[in-house]
Every structure is written in C-alpha cells, then in structure tokens.
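Listed below are the residues making up each chain.
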Amino acid sequence: MRIGMGYDVHRLVKGRDLVLGGVAIPYEKGLLGHSDADVLLHALCDALFGAAGLGDIGRRFPDTDPAYKGIESLKLLTRTYEMVRGRGFTLVNADATVFAQEPKIGPYHRQMAQNIAAVLDSTPECINIKATTTEGLGMIGAGDGIAAMAVVLLENTI
Ligand code: MG
C-alpha cells in the first residue's frame, strides 16, 4: 500500500469558466490557470504522483508547455493514472476537500465523484468529495481563490 497527498490553489477571476472535478459550475468567476485550472483534479493528480513516487504535477505537465494550454484536467488525471498504473499501482480510494467560500459545491459532489471514478477505473463510493468554506477568513474567504486537498491510497497489484 502507498499513500499520497496533494494540495493546490488557483486564483478566482472574472471571464473564466469554473470547472471543479470536471463539472462546469455556473458562477460569476472561474479559476485562472494554464489548463482549465481544475484545482480539485490537480490536487488529486499530485496525490497520485506522490503515492506512486512520480514527482509532481508541475514536473509532469509543465505550465510552460503549449500542449497543456486550456487542456481539460480530466485528461491530465487520465494521463496521471496511466503513469501510476505503469508503476503497477491501482487506486484503492481517494478523499478530497474543496475549500471555497462560494459557490456551494454540494449539488455537484455526485457528478464530480462519477467523473473522477470513471477516469480512475473506480466507483463513486471510493471517491469521496467534501467541501468547506473558511468561515470568511483569508484569501479563500475573501473569494480570491479556491483550494483543494486530496489523499489517495494505492495498492501494488503486480
Ligand atoms: Mg493547479
């Protein structure tokens, strides 16, 4: 068994779509980034890379590479899991928390878990997505950004 954790944060700005867990969420602002800036999936990628001993998302998918400009992060998660599988590991479960003052994430939990499970050859029961505000404190509380943390457990299946 191997465990990994990931953390990411992106700035919230006007004029961008908000995509979290591969779900387009109606909101007045979106996350700024080289890809679609899906902070939840980036945290998951980093947790997977960490558990498999494969480094981190910045090294694997550099934001200086035009190949990743505007890319859907579900594709990055797909490639990440291909690398993890290449090391002989399979996902046991994932647990993640989104830190956002707004919008409410609750209505989208289920679809996020389904999207993630589909990419990770898993089931929504093994992909737990939580959300919390920061009670109005700090950059997240001010609505300047959204953060996410993720933990995954892998098992060696070879
Ligand atoms: Mg990121």
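Residues numbered from 1 in each chain as written. Predicted model: local features only at pLDDT ≥ 70, side-chain atom pairs only at ≥ 80, totals over all residues. Heavy atoms only, no water.

### Things to note about the layout of surface pockets
(1) Moving on: For the largest pocket, the calculated volume is near 210 Å³.
(2) Moving on: Taken together, 13 residues line the largest pocket, and the ones lying closest to its centre are His 34, Ser 35, His 42, Phe 61 and Asp 63.
(3) Moving on: Mapped by element, the contributors of at least two residues to the lining of the largest pocket are β1 (2-14) and α2 (57-60).
(4) Moving on: Residues of the lining of the largest pocket, tallied by class, amount to five nonpolar, six polar and two charged. (1 Å grid on protein atoms, 1.4 Å probe; cavity = no way out; pocket = protein on both sides within 12 Å on 5 of 7 lines; lining within 4 Å. Points joined across faces, edges and corners; volume = space filled by probe spheres on them. Helix = DSSP H or I, 4+ residues; strand = E, 2+ residues; numbered from the N terminus. Nonpolar A, V, L, I, M, F, W, Y, C, P; charged D, E, K, R; others polar.)

### Topic: the coordination of the magnesium ion
(1) Moving on: The protein atoms donating to the magnesium ion are Asp 8 (OD), His 10 (NE2) and His 42 (ND1), with metal-donor distances spanning 2.1 to 2.2 Å.
(2) Moving on: For the magnesium ion, the single-chain donor residues occur in sequence as D-x1-H-x31-H.
(3) Moving on: On the basis of relative accessible area, Asp 8 is assigned to the buried category, the value being 17%.
(4) Moving on: When its relative accessible area of 15% is taken as the criterion, His 10 is described as buried. (Donors = N, O, S within 2.8 Å, 3.2 Å for Na, K, Ca; no water. Buried < 20%, exposed > 50% of the residue type's maximum accessible area, 1.4 Å probe, protein only.)

### Remarks on the packing of helix α1 (residues 39-52) against helix α3 (residues 73-86)
(1) Moving on: Between α1 and α3, the shortest axis-to-axis distance is 9 Å and the interhelical angle comes to 10 degrees. In terms of orientation, α1 and α3 fall into the roughly parallel class. Counting all contacts with α1, which are made through Leu 41, His 42, Leu 44, Cys 45, Leu 48, Phe 49 and Ala 52, the residues of α3 involved are Ser 73, Leu 74, Leu 76, Leu 77, Thr 80, Tyr 81, Met 83 and Val 84.
(2) Moving on: Here the residues of the contact of α1 with α3 sort into 12 nonpolar, three polar and no charged. (Axes fitted to C-alpha atoms, helices over the stretch in contact; angles between N-to-C directions. Parallel < 35°, antiparallel > 145°, perpendicular 65-115°, else oblique. Contact = heavy atoms within 4.5 Å.)

### Observations concerning a positive patch on the surface
(1) Moving on: Side chains of Arg 2, Arg 59, Arg 60 and Arg 87 sit close together on the surface and give a patch of like positive charge.
(2) Moving on: One can find Arg 87 in the loop between α3 and β5 (89-99).
(3) Moving on: The exposure class assigned to Arg 87 is partly exposed, which follows from its relative accessible area of 43%. (Patch = residues over 30% accessible without salt bridge, like charges linked within 9 Å, V, L, I, M, F, W, Y side chains within 5 Å. Areas by Shrake-Rupley, 256 points an atom, 1.4 Å probe, with all protein chains shown as cover. Salt bridge = Lys/Arg side-chain N within 4 Å of Asp/Glu carboxyl O. Lys, Arg positive; Asp, Glu negative; His and termini not counted. Charge placed at Lys NZ, Arg CZ, Asp CG, Glu CD.)

### Observations concerning the packing of aromatic side chains
(1) Moving on: A full pass over the atoms with the stated rule returns two aromatic pairs.
(2) Moving on: On the numbers, 6.0 Å between centres and 50 degrees between planes, the contact of Phe 49 with Phe 61 is tilted. Taken as a pair, Phe 49 in helix α1 and Phe 61 in the loop between α2 and α3 lie far apart in primary sequence, 12 residues in all.
(3) Moving on: The exposure class assigned to Phe 49 is buried, which follows from its relative accessible area of 0%.
(4) Moving on: Measuring from ring centre to ring centre gives 5.3 Å for Phe 61 and Tyr 68, while their planes differ by 75 degrees; the resulting arrangement is edge-to-face.
(5) Moving on: Residue Phe 61 is classed as buried on the basis of its relative accessible area, which comes to 8%.
(6) Moving on: The exposure class of Tyr 68 is buried, given its relative accessible area of 12%. (Phe/Tyr/Trp six-rings, centres within 6.5 Å; stacked < 30°, edge-to-face > 60°.)

### Describing the pairing of β1
(1) Moving on: The sheet contact formed by β1 and strand β7 (residues 145-156) spans 10 bridges and is antiparallel. Residue pairing for β7: Gly 6 is matched across the bridge by Ala 150.
(2) Moving on: In terms of strand pairing, β1 meets strand β4 (residues 29-31) through three bridges, oriented antiparallel. Paired with Leu 12 across the bridge in β4 is Leu 31. (Pairing = 2+ DSSP bridges.)

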